Amino acid sequence: MSNNSKTERSRRYLNPYLGGVLLGLVLLAANFISGRGLGASGAVKSVVATSIEAVNKNSVNTMPFMEEYAQAHGTSPMKSWLVFQMLGVLVGGFLSGAVAGRLKLKVEHSPKITSRRRLIFALLGGIFFGFGSQLGRGCTSGAALSGMGVLSLGGFITMMAIFGTAYALAYFFRKNWI
Amino acid sequence: MGPLAPNGIISENTNFLLAFFIGIAFGWVLESSGFSSSRKLAGIFYGYDTVVLKVFFTGAITVMLGLLFMSLFGWIDLDLVYVNPTYVTSAIVGGMIMGAGFIMGGFCPGTSFCGAAIGKIDGMVFIVGLFIGIYGFAFTYPWWEKLYMAKYLGEPKISKVLGMSDGLFALLLILVALGMFAVAEWAERKFPREEY
């Protein structure tokens, strides 16, 4: 049984160390080609900036945080490196899931909790992560992983703050996961 | 030679096109490593699945060594590569808020897109949350501006701050990672694990 499930597992997911080396090579390619790291939250921010601008042409200028961002991105915040990269992530994730037979519309949750509870916590988690990523100037990809790759002090600090806090709070949220 | 775009070797539009392909590779690696599953990701905080630690640190070490060697061979000018600025206060507070989001939501932004790409509804809802959080920050920015700008140190390298060469720091980080990998393998044997 355990032998069977082990072969099954190795067929389903990449060996994590191999996955890590491949992830590092992708990030290395980003640095070599574009002189920058990977990211995720920045693409969401581009969409947010665009939508705010679309609703009220002047409101971006009245919001200092978005104004600074709009200036840095010229004509349209959607024409940004991270937006193109995140579109690629959706395609790449979909292709990998399709090849491995993992495409399925579902709410993934521990059998001990309901879908509803899982979704409420997913929404809350997203809100916290979105907010924190703006304050911290990037998320796990852009600040922590890419920052560490170029030896940025800030990248290491952000990484330790993210994982340290998640460990510190793990006890309180254990029912959701174990 | 490198980095290609900042050196003007490829055009801005080519750079965007390549960003799309880099994204495909990024999404593929994340998904095939199991990062589309929140239960697999959250395992790192309870010891039942440590794929996050292994992939994350192996990735960080790979790119760190890759950049050091490419720089040594003269293939890339590291002065033209973006180094994340260090604002100590916002890095800590922002990181703590993200950590709380991680343990609640089981995703980070990149992985939630991977989950959503293969049909995880919890991943899609997490993305909705990301939008709310980012709108929230943008609209309340004046309240956080001081915190956001506090303790700016420029773009220091951690190796410089610790007073060692980049190479020595990379070596130490590899040793630390190997130690963590050993603990991770032990934890996965100790705590029950199933596949999601």
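What counts and how
- As a convention, each chain's residues are numbered from 1 in the sequence order in which they are written.
- Each chain takes a letter, starting from A, and each ligand takes a number, starting from 1, following the order in which they are written.
- For this predicted model, a pLDDT threshold of at least 70 governs which residues receive local features, and a threshold of 80 or more governs which side-chain atom pairs are given and counted, while totals over whole chains, interfaces and linings are taken from all residues.
- Helix and strand definitions here come from DSSP, where helices need a minimum of 4 consecutive H or I residues and strands a minimum of 2 consecutive E residues; each element is numbered from the N-terminal end.
- When buried Ala, Val, Leu, Ile, Met, Phe, Trp, Tyr and Cys residues are joined through C-beta atoms within 7 Å, the set is termed a nonpolar core.
- Partly exposed residues are those falling between the two cut-offs: more than 12 but fewer than 20 other C-beta atoms within 10 Å of their own, whereas 20 or more means buried and 12 or fewer means exposed, with C-beta atoms placed from the backbone.
- Throughout, the edges of the domains are those of an automatic or database domain assignment.
- Remark: residues whose backbone-derived C-beta atoms lie within 7 Å of one another are considered to be in contact.
- Fitted lines through C-alpha atoms give the axes, limited to the stretch in contact for helices. The angle between two N-to-C directions lies from 0 to 180 degrees.
- We call two directions roughly parallel when the angle between them is under 35 degrees, roughly antiparallel when it is over 145, roughly perpendicular when it lies between 65 and 115, and oblique otherwise.
- For any pair of crossing helices, the crossing counts as left-handed if the nearer helix is rotated counterclockwise from the farther one by less than a right angle, and right-handed if it is rotated clockwise.

This part covers the overall build of chain B. In terms of helices and strands, chain B carries 9 helices and 0 strands. Reading the secondary structure of chain B in the N-to-C direction produces α-α-α-α-α-α-α-α-α. On the principal axes, the C-alpha backbone points of chain B span a range of 45 × 45 × 35 Å.

This brings us to the nonpolar core. Counting residues in hydrophobic clusters, the biggest one holds 111 residues, and the most contacted among them are V26, L27 and I162 of chain A together with F26, V29, A60 and F113 of chain B. When residues of this core are assigned to their parent elements, the largest contribution, 12 residues, is made by helix α3 (residues 51-72) of chain B. Two domains each donate at least three residues to this core, and these are domain 1 (1-82 + 164-196) and domain 2 (84-154) of chain B. In contact with F113 of chain B, other than residues within four places in its own chain, are A40, M86, V89, L90 and G93 of chain A together with I127 of chain B.

Mapping L153 of chain A onto the fold places it in helix α9 (residues 153-170). In contact with L153 of chain A, other than residues within four places in its own chain, are T86, L153, P156, K157, I158 and V161 of chain B.

Between helix α7 (residues 115-135) of chain A and helix α4 (residues 88-105) of chain B, the least distance of the axes is 7 Å, while the angle of their chain directions is 165 degrees. The orientation of α7 of chain A with respect to α4 of chain B, classified from their angle, is roughly antiparallel. Every pair of crossing elements has a handedness; the one defined by α7 of chain A and α4 of chain B is left-handed. Two secondary-structure elements touch here, α7 of chain A through F121, A122, L124, G125, G126, F128, F129, F131, G132, S133 and L135 of chain A and α4 of chain B through S90, V93, G94, G95, I97, M98, A100, G101, F102, M104 and G105 of chain B.

In this section: the domain arrangement of chain B. Interfaces are often described in size by the accessible area the parts lose on coming together. Residues and elements named next belong to chain B. Split by domain assignment, chain B resolves into domain 1 (1-82 + 164-196) and domain 2 (84-154). Placing the centre of domain 1 and that of domain 2 at their C-alpha centroids yields a distance of 20 Å. At the junction of the two partners, domain 1 supplies 11 residues and domain 2 supplies 11 residues. Put simply, the parts of the chain that give the side of domain 1 that touches domain 2 at least two residues each are α1 (12-32) and α2 (38-42).

Here we come to helix α5 (residues 109-117) of chain B. Turn by turn, an α-helix covers 3.6 residues, leaving residues three or four places apart pointing in a common direction. Residues and elements named next belong to chain B. Of all 9 residues making up α5, 9 are buried, and the element is well covered by its neighbours. Burial in α5 covers these residues: P109, G110, T111, S112, F113, C114, G115, A116 and A117. Looking one or two places after α5, you find G119, whose phi comes out positive at around 100 degrees.

Here we come to unusual backbone geometry. Across the junction of G2 of chain B and P3 of chain B, the peptide omega takes the value -5 degrees, indicating a cis bond. As for its position among the elements, P3 of chain B is in the segment before α1. Although it is not a glycine, L151 of chain A adopts a positive phi angle of roughly 65 degrees. You can see L151 of chain A is positioned in the loop between α8 (140-149) and α9. Backbone geometry places K151 of chain B, a non-glycine residue, at a positive phi of 50 degrees. Turning to its location among the elements, K151 of chain B is positioned in the loop between α7 (141-149) and α8 (158-161). Residue classification places K151 of chain B among the exposed positions, given that 12 C-beta atoms sit within 10 Å.

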